[in-house]
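Read off the chains here:
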Amino acid sequence: MTCYNAPVYSTGKLAMTSVEIPTQTQSSPKKSMWGVYDIRAVVGETFNAETYRRLGKAFAQFLLEKRDASDAPLWVSVGRDARLHSPEFADALIEGLTSEGIHVVKLGL
């Protein structure tokens, strides 16, 4: 596993959070998959459903740490695009979010 620092914004301030992702395969070039505004990776090699599940869990934990003292449930909307792997990845992200107690609105396409 490799740990990457990803920028996150909270109350208008930039902070860094760590996210663990599967290590790239030996045949893959050794460059970061974290871009300035997105994530770029090879599906099935450096990025898979487990990666999305872990991202969902990490994002949920971040939200839960940053929430105020209210007992109001936290909600996240999840959408996807039309690529063939998107339904599987969206479901894995939702699995990670809900495993930490986050409520999800599944938007679909």
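Look above for the structure.
The rules behind the values
All chains use their own residue numbering, which begins from 1 and follows the written sequence. Selection of residues for local features in this predicted model requires a pLDDT of at least 70, selection of side-chain atom pairs for listing and counting requires 80 or more, and totals for whole chains, interfaces and linings are taken over all residues. As a rule here, side-chain values cover all heavy atoms of the structure and leave hydrogens and water aside. Helical segments are the DSSP runs of H or I of at least four residues, strand segments are the runs of E of at least two, and each set is numbered from the N terminus. Contact criterion: two residues are considered in contact whenever any of their non-hydrogen atoms come within 4.5 Å of each other. In this description, accessible areas are obtained by the Shrake-Rupley approach with a 1.4 Å probe, and a residue is regarded as covered only by the protein chains that are shown. A helix is expected to span 1.5 Å multiplied by its residue count minus one. By convention, a stacked pair of Phe, Tyr or Trp rings (six-membered ring in the case of Trp) has centres within 6.5 Å and planes under 30 degrees apart, an edge-to-face pair has planes over 60 apart, and any other such pair is tilted. The rule is simple: take the accessible area with a 1.4 Å probe, protein chains only, and divide by the maximum for that residue type; under 20% is buried, over 50% is exposed, in between is partly exposed. For this document, the term salt bridge refers to a Lys or Arg side-chain nitrogen within 4 Å of an Asp or Glu carboxyl oxygen. Pairs of strands are assigned from DSSP output, requiring at least two bridges between the strands. Convention used here: a crossover is right-handed provided that the path from the first strand, over the helix, to the second strand proceeds clockwise when the strands point away from the viewer. Within 3.5 Å is the distance limit for a polar contact, defined as a pair of N or O atoms, with the added protein rule that one can donate a hydrogen and the other accept it, and that residues adjacent in sequence qualify only through two side-chain atoms.

> Just give me the short version of the overall build of the protein, but keep the residues and values in it.
A count of helices and strands for the protein gives 2 helices and 4 strands. Across the protein, helices and strands are ordered from the amino to the carboxyl terminus as β-β-α-β-α-β. In the protein, of all internal contacts separated by at least 6 residues, the share reaching a separation of at least 24 is 48%. When the accessible area of the protein is evaluated, it comes to approximately 7400 Å², of which 55% is carbon and sulfur surface.

> I'd love a proper account of helix H2 (residues 86–99), names of residues and values included.
Every α-helical turn comprises 3.6 residues, leaving residues that sit three or four positions apart pointing alike. For H2, built from 14 residues, the straight-helix expectation of 20 Å at 1.5 Å per residue is met to within 8% by its first-to-last C-alpha distance of 20 Å. Structurally, H2 contributes buried residues whose contacts are with helix H1 (49–66), strand S3 (75–79) and strand S4 (103–108). Directly beyond the C-terminal end of H2, a positive phi value near 95° is found at Gly101.

> How would you summarise the packing of aromatic side chains if you had to cite specific residues and measurements?
All told, the structure shown has 3 aromatic pairs when counted by the stated rule. Note on Phe47 and Tyr52: the rings are 5.0 Å apart at their centroids and 70° apart in plane angle, and the pair reads as edge-to-face. Classification of Phe47 by relative accessible area gives buried; the value is 6%. Tyr52 sits in the partly exposed class, given a relative accessible area of 23%. Plain terms: the ring middles of Phe47 and Phe89 are 6.3 Å apart, the flat faces sit at 80° to each other, and that makes the pair edge-to-face. Of this pair, Phe47 sits in the loop between strand S2 (13–21) and H1 while Phe89 sits in helix H2, and the two are 42 residues apart along the sequence.

> Describe the pattern of salt bridges, naming the residues involved and giving the relevant values.
For the coordinates displayed, the defined rule picks out 6 salt bridges. Between Glu95 and Arg53 there is a salt bridge, with the nearest N and O atoms lying 2.7 Å from each other. Taken together, the residues Glu95 in helix H2 and Arg53 in helix H1 connect sequence positions 42 residues apart. Residue Glu95 is classed as partly exposed on the basis of its relative accessible area of 44%. In this structure, Asp81 and Arg83 form a salt bridge, with 2.4 Å as the shortest nitrogen-oxygen distance. The exposure class assigned to Arg83 is exposed, which follows from its relative accessible area of 52%. Through salt bridges with shared partners, a single ionic network connects Glu50, Arg53, Arg54 and Glu95.

> Quick rundown of the pairing of S3? Include the residues and the values.
A one-sided burial pattern is seen for S3, the buried positions being Val76 and Val78 and the unburied ones Trp75, Ser77 and Gly79. Where S3 and S4 come together, 5 bridges link them in parallel fashion. Residue pairing in the sheet places Val78 in a bridge with Lys106 of S4. Traced from S3 through H2 to S4, the parallel crossover comes out right-handed.

> Lay out H1 with the relevant residues and their values.
With 18 residues, H1 ought to run about 26 Å at 1.5 Å a step, and its terminal C-alpha atoms sit 26 Å apart, in line with that. Here H1 has its buried residues at Ala49, Thr51, Leu55, Gly56, Ala60 and Phe62. N-capping of H1 is provided by Asn48, with a side-chain oxygen placed 3.0 Å from the backbone N of Glu50.

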